[in-house]
Amino acid sequence: MPMNFAGRFAGRSAVITGGASGIGLAVAQRISEEGGRVSVWDRDPAQIEQAKALLPELHGVTVDVADAASVDGAARSTIDALGGVDILVTSAAITGPNMTTWAYPAEDWQRVIDININGVFHCNKALVPHMLERNYGRIVNIASIAGKEGNPNASAYSTSKAAVIGLTKSLGKELAKTKVTVNCVTPAAVRTAIFKQMSQEHIDFMLSKIPMARFGEVDEVAALICWIASEECSFTTAAVFDVSGGRATY
Ligand code: NAD
């Protein structure tokens, strides 16, 4: 059961990509419950409506994060609607199919790269200048333990998440003398809708690698993300936070 840090996000506005489902939705819920305004950017309008049924106060925008123009439009309309954006959590991603690298269809590879890497780049790029103008920002990119360890039969996904770690480190250092921090988290497996994109064999493999011998819960990942997205996390940037039940070895 998450603790409630009442008012922690009072006066703050957050954009959460992929926020209509899973980990992003848990973050949306928590920021909202703790006083923040939340705009969910997701490609699935039906899913956004479902999220709004749960949290009527949500602002929702249908966005394809892989499309820079779509992201720029969403940034403008969200800044207008919320009066500004203080927090960006990039949760939108896909897994791509589970197969060996040499069998991997090039179009699936490209789609994973477009959403998981370029999508994070477009969203970070669209909101950093705005955060610099406001002299405050918290960016939390969601990578994965797969980006550190390299899961077999998930090379596109693992590659994309390693890239998110690299982007976070570069951008965090570029912004280190400002009030905008950029960090990422590397969860191990958490049972969400994303599991439907993976083979059962792959899901079993991921579980077998977690020393705690269980899946994570969305609330456990959201708790860490929300702390990194809060004012309190002020002396950490360009960092990678583990939330992997002990799987991370570095
Ligand atoms: P999810 O599938 O429940 O949610 C992802 C959301 O992203 C969905 O609502 C989907 O509609 C949206 N989305 C996908 N492509 C998009 C696009 N092009 N534009 C806009 N929105 C798009 O998945 P989740 O488990 O909540 O995953 C959230 C993040 O956590 C992802 O970055 C994922 O890679 C990462 N992660 C998840 C796990 C896990 O086991 N669940 C583990 C490690 C990392």
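Everything numeric in this text was worked out from a predicted model, so none of it was measured.

Visitor: Mind showing me how you'd approach the packing of helix 1 (residues 22-33) against helix 8 (residues 218-228) here?
Guide: Contact geometry for helix 1 and helix 8: axes closest at 8 Å, N-to-C directions at 60°. Judged on the interaxial angle alone, helix 8 and helix 1 are oblique. The handedness of the crossing between helix 1 and helix 8 comes out as right-handed. Seen from helix 1, the contacting residues are Gly22, Ile23, Ala26, Val27, Arg30 and Ile31; seen from helix 8, they are Val218, Asp219, Val221, Ala222, Ala223, Ile225 and Cys226.

Visitor: Is there a simple way to explain the side chain of serine 160 in this structure?
Guide: Along the chain, the position of serine 160 falls in helix 6 (residues 155-174). In this structure serine 160 comes out as buried when scored by relative accessible area, which is 0%. Discounting chain neighbours no more than four positions away, the residues touching serine 160 are Val112, Ile113, Asn116 and Ile117.

Visitor: Got a minute to help me understand helix 7 (residues 200-208) in this structure?
Guide: Counting along an α-helix, one turn takes 3.6 residues, and residues three or four places apart therefore face a common direction. Of all the residues in helix 7, the buried ones are His202, Ile203 and Met206. Projected down its long axis, helix 7 shows its buried positions confined to an angular sector of 100°, all on one face. For helix 7, exposure combined with an orientation more than 90 degrees from the buried face picks out Gln200, Glu201 and Ser208.

Visitor: What is the right way to read the sheet that holds strand 3 (residues 59-62) from this model?
Guide: Strands sit in the order 3-2-1-4-5-6-7 across an open sheet of seven strands; the sheet is parallel. Every interior strand has two partners, whereas the edge strands, strand 3 and strand 7 (240-243), have only one. Neighbour to neighbour, the strand axes of the sheet diverge by 20° on average, direction disregarded. Contacting strand 5 (137-142), strand 6 (180-187) and strand 7, helix 6 crosses the sheet at an angle of about 160° to strand 6.

Visitor: Honestly, helix 4 (residues 106-134) in this entry has me stumped. Any pointers?
Guide: The terminal C-alpha atoms of helix 4, which comprises 29 residues, lie 41 Å apart, in line with the 42 Å expected from a rise of 1.5 Å per residue. The sharpest bend along helix 4 comes to roughly 35°, located at asparagine 118. A positive backbone phi angle near 60° is found at asparagine 135, which sits one or two residues after helix 4.

Visitor: Just checking my understanding: could you explain the packing of aromatic side chains for this structure?
Guide: Here a ring pair, both rings aromatic, is described through the centre-centre distance and the interplanar angle of the planes. Tallied over the full model, the rule gives three aromatic pairs. Seen from their ring centres, phenylalanine 195 and phenylalanine 215 are 5.2 Å apart, and the 75° between their planes marks the pair as edge-to-face. With phenylalanine 195 in the loop between strand 6 and helix 7 and phenylalanine 215 in the loop between helix 7 and helix 8, this pair connects stretches of sequence that are 20 residues apart. Over the ring of tyrosine 136 we find arginine 12; its NZ or CZ atom is 3.7 Å from the centre of that ring. Positioned above the aromatic ring of tyrosine 250 is the side chain of lysine 148, whose terminal nitrogen or guanidinium carbon lies 5.2 Å from the ring centre.

Rules behind the numbers
Residues numbered from 1 in each chain as written. Predicted model: local features only at pLDDT ≥ 70, side-chain atom pairs only at ≥ 80, totals over all residues. Heavy atoms only, no water. Axes fitted to C-alpha atoms, helices over the stretch in contact; angles between N-to-C directions. Helix = DSSP H or I, 4+ residues; strand = E, 2+ residues; numbered from the N terminus. Parallel < 35°, antiparallel > 145°, perpendicular 65-115°, else oblique. Left-handed = near helix turned anticlockwise from the far one by under 90°. Contact = heavy atoms within 4.5 Å. Buried < 20%, exposed > 50% of the residue type's maximum accessible area, 1.4 Å probe, protein only. Arc of directions from axis to C-beta. Pairing = 2+ DSSP bridges. Expected span 1.5 Å × (residues − 1). Bend = angle between axes of the 7 residues up to and from the residue. Phe/Tyr/Trp six-rings, centres within 6.5 Å; stacked < 30°, edge-to-face > 60°. Lys NZ or Arg CZ within 6 Å of the ring centre and 35° of its normal.

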